[in-house]
Amino acid sequence: MRIKGFLLIIPSLWVDGMALFPFILSKRKAPSRYFLNHERIHLKQQLELGLVIFYVWYFLEYLIRIVQFRNHYLAYLHISFEKEAYTHERDLGYLRKRRFCAWWKYL
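Predicted model only: the values in this text are computed from it and were never measured. (Residues numbered from 1 in each chain as written. Predicted model: local features only at pLDDT ≥ 70, side-chain atom pairs only at ≥ 80, totals over all residues. Heavy atoms only, no water.)

1. Some thoughts on the pairing of strand β2 (residues 17-20)
Defined as follows: For each residue, the accessible area found with a 1.4 Å probe, counting protein chains only, is set against the maximum for its type, and the residue is called buried under 20%, exposed over 50%, and partly exposed in between. Numbering of helices and strands starts at the N terminus; helices are DSSP runs of H or I of at least 4 residues and strands are runs of E of at least 2. When DSSP finds two or more bridges between a pair of strands, those strands are recorded as paired.
Covered by surrounding structure in β2 are G17 and A19 only, the residues M18 and L20 on the alternate face being uncovered. Summarising the sheet, β2 and strand β3 (residues 23-26) pair through 4 bridges and their orientation is antiparallel. From the neighbouring strand, L20 faces β3, where its bridge partner is F23.

Next up, the structure:
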């Protein structure tokens, strides 16, 4: 299944962008294809787990990482969902070959 997402431009967004199935929220009017791919990977993760479980897991993993690294940005970068998305954001064909729950290996 190919996931596109609906792009919503929100200039006042507190981060550069985020995925909230089925939407990709962006601070920029013309986000890069790599940004869109990164967020589409998150959409796929959200489909696999469901929105509630995805965000509960994301938040709990963030709390674990913030204790581990004592730094917001490092904690964010070490969340398994982010690790998968950042690792593969430049591979525009990744979602076609991605395995189910591929984020699991980044835990």
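2. Focus: the pattern of salt bridges
For clarity, the cut-off: The salt bridge criterion pairs a side-chain nitrogen of Lys or Arg with a carboxyl oxygen of Asp or Glu, the two atoms within 4 Å.
Evaluated as defined, the whole model comprises 4 salt bridges. Note that R98 is salt-bridged to E48, the shortest N-O span being 2.4 Å. Here R98, found in the segment after α5 (94-97), pairs with E48, found in helix α1 (residues 33-49); they are 50 residues apart in sequence, far enough to count as distant. On the accessibility criterion, R98 (11% relative accessible area) is buried. A salt bridge links E84 to R98; its shortest N-O distance comes to 2.5 Å. Highlighted residues: E84 in helix α4 (residues 80-88) and R98 in the segment after α5, separated in sequence by 14 residues. As far as the burial class goes, E84 and R98 line up, both buried.

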